[in-house]
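The chain contents come next:
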Number of protein chains: 2
Amino acid sequence: MSLTIALLGMLELSPLSGYDLNKRIEASVIHFWSADQSQIYRTLSRLVADGLAEVTVIAQDGKPDRREHRITPAGHAALDAALRAPLEPETPHESFLMRIFFAGALGIDGVRELLRARREEASRLLARLTTIEARDPGRPETIGQALRRATLRNGIVHAEAELAWLDETESVLVTASR
Amino acid sequence: MSLTIALLGMLELSPLSGYDLNKRIEASVIHFWSADQSQIYRTLSRLVADGLAEVTVIAQDGKPDRREHRITPAGHAALDAALRAPLEPETPHESFLMRIFFAGALGIDGVRELLRARREEASRLLARLTTIEARDPGRPETIGQALRRATLRNGIVHAEAELAWLDETESVLVTASR
DNA sequence: TGCCTATATAAGACCACGCATATATGCCCG
DNA sequence: CGGGCATATATGCGTGGTCTTATATAGGCA
């Protein structure tokens, strides 16, 4: 569903090939959605099969044909419906927390190593996101720009929350080990 | 992998049936891992096939046979290895942020509705987690207890971060719409 | 009486996703 | 000259997950 939104949302602005879509996803929504190339092509085929997009094949010399996808009125309607649909219930899958939950068996040093690795990951993520944030201009913003920036901000506040949790957890661990 | 850890981690404490495991997961790790009953049984079968657990069938009158699973030495080793393995790279899939990213097309009211729904969800989650947190005793704690509590705290700090982000985003939206 | 809940396991259908691989060409860099 | 990268699409295989349905019995509640 979300990848469908991504594809339709991008096709709304201009006709694109699967290749283009892959690049755009990597350039813009990668911080909250990771998409595999083959998955993009598969989903795109489904859009066409469902009549949500249409293909124009453009021959190119030296390069493979370019299959340009353009959104249909049905696709436009589907995007609008998907954006307005009730929020799907969350089914969390936090593999890191699963480890923490059972990490007691590792002893204090094993746990510390887990937390250290997690901190490194969270710091790296935060650095990456703040770099992107800094690169982009501030005011004046359209609603669209504000929202795209907001997804970035979401990643930042959660990365910061994770680091704060790590501080807290590490200090609790010191107490628990005494 | 994570469900494997959950099952082995719980079997480490005592032998359990699939039914027991399902109930325990619902009672203890549900705030960061949602597991389907059929998935639990399948994963459990795989543990047995891989020699990580052994089954004892216990006949009961009135109720179906109880297939009690007990962890093997290989299972113990596998759990330890899984807990110590390097953190798997994150592949984020935040469907809510996907909507926000493309929600500009909905206009300001549509976006506000999305944020409102999200806030309700986050508030409900926070309330649920803080209730559980309050119910459980404070000091003195073993490392295991501290870690289990830490997974709960993780959920709490992220729920709070989400609410803070919602405040921020709503106020940005007011500015952007002017 | 009839329905719901608890106990207990399992198979089938389906889906999204990730990883690997294939194909074909042109261009740049060392 | 060779290797790697950009352009461009597509299939196959496997994994993990969700939802649905089936089966069987006992006990409690209306």
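Quick caveat, the model's predicted, so the values are computed rather than measured. Counting from 1, residues in each chain are numbered in the order their sequence is written. To label them, take the chains in the order written and letter them from A, then take the ligands in the order written and number them from 1. Per-residue local features of the predicted model are confined to residues with pLDDT of at least 70, and side-chain atom pairs are confined, for both listing and counting, to 80 or more; whole-chain, interface and lining totals are unaffected and use all residues. Processing note: side-chain calculations cover all non-hydrogen atoms of the structure and skip hydrogens and water entirely.

1. Some words on the layout of surface pockets
Residues and elements named next belong to chain B. Basically, it comes down to this: Of the grid points, spaced at 1 Å and generated over the protein atoms alone, those admitting a 1.4 Å probe that cannot get out make up cavities, while open sets with protein on both sides within 12 Å along at least five of seven lines make up pockets; any residue with an atom within 4 Å of a point is treated as lining. Grid points are joined across faces, edges and corners, and a volume is the space filled by probe spheres set on the points. Runs of E in the DSSP output that reach at least two residues are strands. Runs of H or I that reach at least four are helices, and both are numbered from the N terminus. Residue polarity is assigned by list, with Asp, Glu, Lys and Arg as charged and Ala, Val, Leu, Ile, Met, Phe, Trp, Tyr, Cys and Pro as nonpolar; anything else, Gly included, falls into the polar class. Where a domain begins and ends is set by an automatic assignment or by a domain database.
In this structure, the second largest pocket occupies an estimated 440 Å³ of space. Along the wall of the second largest pocket there are 19 residues; nearest its centre are Ser 28, Ile 132, Asp 136, Arg 148 and Leu 152. Looking at the lining of the second largest pocket, the elements with two or more residues in it are α2 (18–28), α6 (107–135) and α7 (143–177). Here the lining of the second largest pocket takes five residues from α7, the largest share from any one element. Of the residues contributing to the lining of the second largest pocket, the split by class is seven nonpolar, five polar and seven charged. Two domains each provide a minimum of three residues to the lining of the second largest pocket, namely domain 1 (2–84) and domain 2 (95–177).

2. Focus on the domain arrangement of chain A
Domain annotation of chain A identifies domain 1 (2–84) and domain 2 (95–177). When each unit is reduced to the centre of its C-alpha atoms, the spacing between domain 1 of chain A and domain 2 of chain A is 31 Å.

3. Some remarks on the protein's contact with DNA strand C
To keep it simple, the criterion reads: Nearness of a residue to a molecule or strand requires only that one of the residue's heavy atoms be within 4 Å of it. Two N or O atoms form a polar contact when they lie within 3.5 Å of each other; inside protein one atom must be a possible hydrogen donor and the other a possible acceptor, and for residues adjacent in sequence the pair counts only when both atoms belong to side chains.
Around DNA strand C, the surrounding shell holds 26 residues, and the nearest of these are Ser 38 of chain A together with Tyr 19, Tyr 41, Gln 60 and Arg 67 of chain B. The contact atoms of DNA strand C, taken as those within 4 Å of the protein, divide so that sugar and phosphate hold 61%. The separation between a phosphate oxygen of DNA strand C and a polar main-chain atom of Gly 18 of chain B is 3.3 Å. Side-chain polar atom of Gln 37 of chain B to a base nitrogen of DNA strand C: 3.0 Å apart, as the coordinates give it. Class assignment for the residues of the surface near DNA strand C results in six nonpolar, eleven polar and nine charged.

4. Digging into the protein's contact with DNA strand D
Around DNA strand D, the structure places 25 residues, and the nearest of them are Tyr 19, Gln 60 and Arg 67 of chain A together with Ser 38 and Arg 42 of chain B. Atoms of DNA strand D within 4 Å of the protein belong to the sugar or the phosphate in 61% of instances, the rest to bases. Contact between DNA strand D and Gly 18 of chain A: a phosphate oxygen at 3.3 Å from a main-chain N or O atom of the residue. Between DNA strand D and the protein, one listed contact pairs a phosphate oxygen with a backbone N or O atom of Arg 67 of chain A at 2.7 Å. Taken together, the elements giving at least two residues each to the surface near DNA strand D come down to α2 (18–28), α3 (37–49) and β2 (66–71) of chain A together with α3 (37–49) of chain B. Residue composition of the surface near DNA strand D, grouped by class: five nonpolar, eleven polar and nine charged.

5. Focus: empty space enclosed by the protein
Scanning all chains against the criterion turns up two cavities of 30 Å³ or more. A volume near 60 Å³ is recorded for the largest cavity. In terms of lining, the largest cavity is formed by Leu 87, Glu 88 and Glu 90 of chain A together with Ser 95, Phe 96, Arg 99, Arg 118 and Glu 121 of chain B. Among the elements that make up the lining of the largest cavity, the one with the highest residue count is helix α5 (residues 95–102) of chain B (three residues). Partitioning the lining of the largest cavity into residue classes produces two nonpolar, one polar and five charged.

6. Focus: the pattern of salt bridges
Stated formally: The rule for a salt bridge is simple: a side-chain nitrogen of Lys or Arg has to be within 4 Å of a carboxyl oxygen of Asp or Glu. Partly exposed describes any residue whose relative accessible area lies between the buried limit of under 20% and the exposed limit of over 50%, with all areas from a 1.4 Å probe on protein chains only and scaled to the type maximum.
Here the structure, examined in full by the defined rule, presents 34 salt bridges over all chains. Arg 118 of chain A is paired through a salt bridge with Glu 90 of chain B; the nearest N and O atoms lie 3.3 Å apart. Within this pair, whereas Arg 118 of chain A is found in helix α6 (residues 107–135), its partner Glu 90 of chain B is found in the loop between α4 (73–84) and α5, the two belonging to separate chains. The class for Arg 118 of chain A is buried, based on a relative accessible area of 11%.

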